[in-house]
Amino acid sequence: MIHGVAKKSYLATLRRRGAELGGETGAACLRLAAERDTALVMEEARAMLRAFDRELQASATEFFCGASEPTAADLTLYGMLERWLGNSLCPGLNGPAQPSVIDGMPGLSLAWKRMHERFQRDCTLSELDDFADIATSVGDVTWSRKG
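Figured I'd write up the structure that's included with this text. Position numbers for residues count from 1 along each chain, tracking the sequence in the order it is written. In keeping with the model being predicted, local features are shown solely for residues with a pLDDT of at least 70 and side-chain atom pairs are shown and tallied solely at 80 or more, while totals for entire chains, interfaces and linings include all residues. As a rule here, side-chain values come from all non-hydrogen atoms in the structure, and water together with hydrogens is ignored.

1. Quick word on helix 3 (residues 38-58)
Runs of E in the DSSP output that reach at least two residues are strands. Runs of H or I that reach at least four are helices, and both are numbered from the N terminus. A helix is expected to span 1.5 Å for every residue after the first. Spanning 21 residues, helix 3 covers 30 Å between terminal C-alpha atoms, matching the ideal 30 Å at 1.5 Å per step. Here, residues are in contact when the closest pair of their heavy atoms is within 4.5 Å. Packed against the buried residues of helix 3 are helix 4 (72-85) and helix 5 (106-118).

So this is what it looks like as structure tokens:
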């Protein structure tokens, strides 16, 4: 909540200063404010995701390039989508970050659903007593095939 208020104030200040200053400095302020506009950032992300969706719909399988197994591109996309659509941090505490980001994208929806059913996290932050449990790195989070 505090971050939201601070961000709103910061963006308002950038817009006000941009209008007041004019010229190159004012244009830079306005550009910075626009770059931080959440709706614009989300729409840019959705535009890129729509391109991936088209590729997946054109594929003979639910994976890129008609592959029978997930490719590195599929797994990279899945990792990102798992955070946006799944629950990659603390099961039961944190839900999806952007649950509607792929609405209307059937190729991405199917690919995420199939990989979400197929893979499980090898490392979770659940059942921790305190932060002492994670003081020492256990290495990178990896994904293994379920079953």
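2. What about the packing of helix 3 against helix 5?
To get an axis, a line is fitted to the C-alpha atoms, and for a helix only the part in contact is used. The angle between two axes follows their N-to-C directions and goes from 0 to 180 degrees. Where helix 3 contacts helix 5, the axes come no closer than 7 Å and their chain directions differ by 75 degrees. As summarised for this structure, helix 3 and helix 5 are arranged roughly perpendicular, according to the angle between their axes. Residues Leu49, Phe52, Asp53, Leu56 and Gln57 of helix 3 touch helix 5, and the partners they reach there are Pro106, Gly107, Leu108 and Ala111. Lys, Arg, Asp and Glu make up the charged group, whereas Ala, Val, Leu, Ile, Met, Phe, Trp, Tyr, Cys and Pro make up the nonpolar group; the residues left over, Gly among them, are polar. Of the residues in the contact of helix 3 with helix 5, the class split is six nonpolar, two polar and one charged. For classification purposes, an angle smaller than 35 degrees is called roughly parallel, one larger than 145 roughly antiparallel, one from 65 to 115 roughly perpendicular, and anything else oblique.

3. Observations regarding the environment of proline 106
Within the secondary structure, proline 106 sits in helix 5. The spatial distance from the C-alpha of proline 106 to the C-alpha of leucine 56 is 8.8 Å, given a sequence separation of 50 residues. Once residues within four sequence positions are removed from consideration, proline 106 is found in contact with Asp53 and Gln57.

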